[in-house]
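# Reading the structure
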Amino acid sequence: MSMRVRTSALAALTVSALAVGTALTAPAAGAAPKAAAPKFLSASQLPPHPASSWTAGPVTDGFPEELGFCVSTEGVPAYDYRYREFRTDLDTSAVQLTVLTGTAAQAKALAKHYDDLIRTCADRIEESSPDVEAEGRDYGRLPVEEGARVRGLHTETSWGAADIALLSVGRDGRTVTVVEWGQMGDFGNAPVAAFKKTTSTAVDKLY
């Protein structure tokens, strides 16, 4: 996942999202009026790669497949989903998702829901596949706008494929953003401090 755990590590997994509370599952009737679209990270704002520069893809409507192992839209109203993918010339990638909800209360509930999915992702991975060992770590909250949290996920298959990912969830008003970075490796390869800076920039840059 870029927290992308690579396909090599998780091809056998099918992970279902947790059920959401009533704050999330309320009908999307009375959808929010049109507002300014949230802004996205630029390539230069990703954690620096020691051997390759980052390239940013276009901002695209919808939900990115890269987040599907830990985060999904299951049980969540049809909010305004947009994302941007980032690549290096090597095996490192990232993605940012923005979700524009109807109210600040809905965004708060959605941010908690996504963080809960990320927090429990390692357990769900191991339950889904006996060939994968997974470990999650909590790197704490960040004091930006309505707050953000950074977590890490390491997976290793029985055939030796190892991947490390960092995931964060942040909120500004009624908009939630999820940022994911990933590559082959373990926790020692994770640029936690740089990713925290990227997360703070992502949340602060939304508006």
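Procedures and definitions
- Residues numbered from 1 in each chain as written.
- Predicted model: local features only at pLDDT ≥ 70, side-chain atom pairs only at ≥ 80, totals over all residues.
- Heavy atoms only, no water.
- Buried < 20%, exposed > 50% of the residue type's maximum accessible area, 1.4 Å probe, protein only.
- Helix = DSSP H or I, 4+ residues; strand = E, 2+ residues; numbered from the N terminus.
- Arc of directions from axis to C-beta.
- Contact = heavy atoms within 4.5 Å.
- Disulfide = S-S within 2.5 Å.
- Core = buried A, V, L, I, M, F, W, Y, C linked by side-chain atoms within 4.5 Å.
- Salt bridge = Lys/Arg side-chain N within 4 Å of Asp/Glu carboxyl O.
- Expected span 1.5 Å × (residues − 1).

As a further point, take helix α4 (residues 121–128). An α-helical segment advances 3.6 residues per turn. Residues three or four places apart therefore align on the same side. Residues Cys-121, Ala-122, Arg-124 and Ile-125 constitute the buried set of α4. What you see down the axis of α4 is that its buried residues fit within an arc of 165°, all on one side. Set apart from the buried face of α4 by more than 90 degrees, the exposed residues are Asp-123 and Glu-127.

A few words now on the environment of Pro-47. Summarising the element assignment, Pro-47 is placed in the loop between α2 (22–25) and β1 (55–56). Classification of Pro-47 as buried rests on a relative accessible area of 2%. Counting along the chain gives 145 residues from Pro-47 to Val-192, while the straight-line C-alpha distance between them is 8.8 Å. In this structure Pro-47 touches Trp-54, Trp-181, Pro-191, Ala-194, Phe-195 and Thr-198, once residues within four positions along its chain are discounted.

What follows concerns the state of the cysteines. Scanning the model with the defined rule gives one disulfide in all. What pairs with Cys-70 in a disulfide is Cys-121, and their sulfur atoms sit 1.9 Å apart. Where Cys-70 bonds to Cys-121 through sulfur, the torsion about that S-S bond is close to -85°, and the disulfide is left-handed. Of this pair, Cys-70 sits in the loop between β2 (60–61) and β3 (80–87) while Cys-121 sits in helix α4, and the two are 51 residues apart along the sequence. For Cys-70, a relative accessible area of 4% gives the class buried. Cys-121 gets classed as buried once you look at its relative accessible area, which sits at 0%.

What follows is about the nonpolar core. Counting residues in hydrophobic clusters, the biggest one holds 26 residues, and the most contacted among them are Leu-97, Val-99, Tyr-114 and Val-176. Among the secondary structure elements, those contributing two or more residues to this core are β3, β4 (92–100), α3 (104–119), α4, β5 (132–142), β7 (162–172) and β8 (175–184). At six residues, the largest contribution of residues to this core is made by α3. Those residues in contact with Val-99 that lie beyond four places of it in its chain are Tyr-79, Asp-80, Tyr-81, Leu-110, Tyr-114, Arg-174, Thr-175 and Val-176.

Now for the pattern of salt bridges. When their charged atoms lie close together, side chains carrying opposite charge are able to pair. Tallied over the full model, the rule gives ten salt bridges. Residues participating in the shared-partner salt-bridge network are Asp-115, Asp-138, Arg-149 and Arg-151.

Now for the environment of Val-144. As for its placement among the helices and strands, Val-144 is situated in the loop between β5 and β6 (148–157). On the accessibility criterion, Val-144 (8% relative accessible area) is buried. Val-144 has contacts with Arg-171, Ser-200, Val-203 and Asp-204, leaving out every residue within four places of it along the chain.

Right, let's get into helix α5 (residues 192–205). In this model, α5 (14 residues) spans 20 Å end to end at C-alpha, consistent with the 20 Å of a helix rising 1.5 Å per residue. Looking only at α5, the buried set comprises Val-192, Phe-195, Thr-198, Thr-199, Ala-202 and Val-203. Along the axis of α5, the buried residues cluster in a sector spanning 130°; they form a single face. Of the residues in α5, the exposed ones pointing more than 90 degrees away from the buried face are Ala-193 and Lys-197. Contacts from the buried residues of α5 go to β4, β5, β6, β7 and β8.

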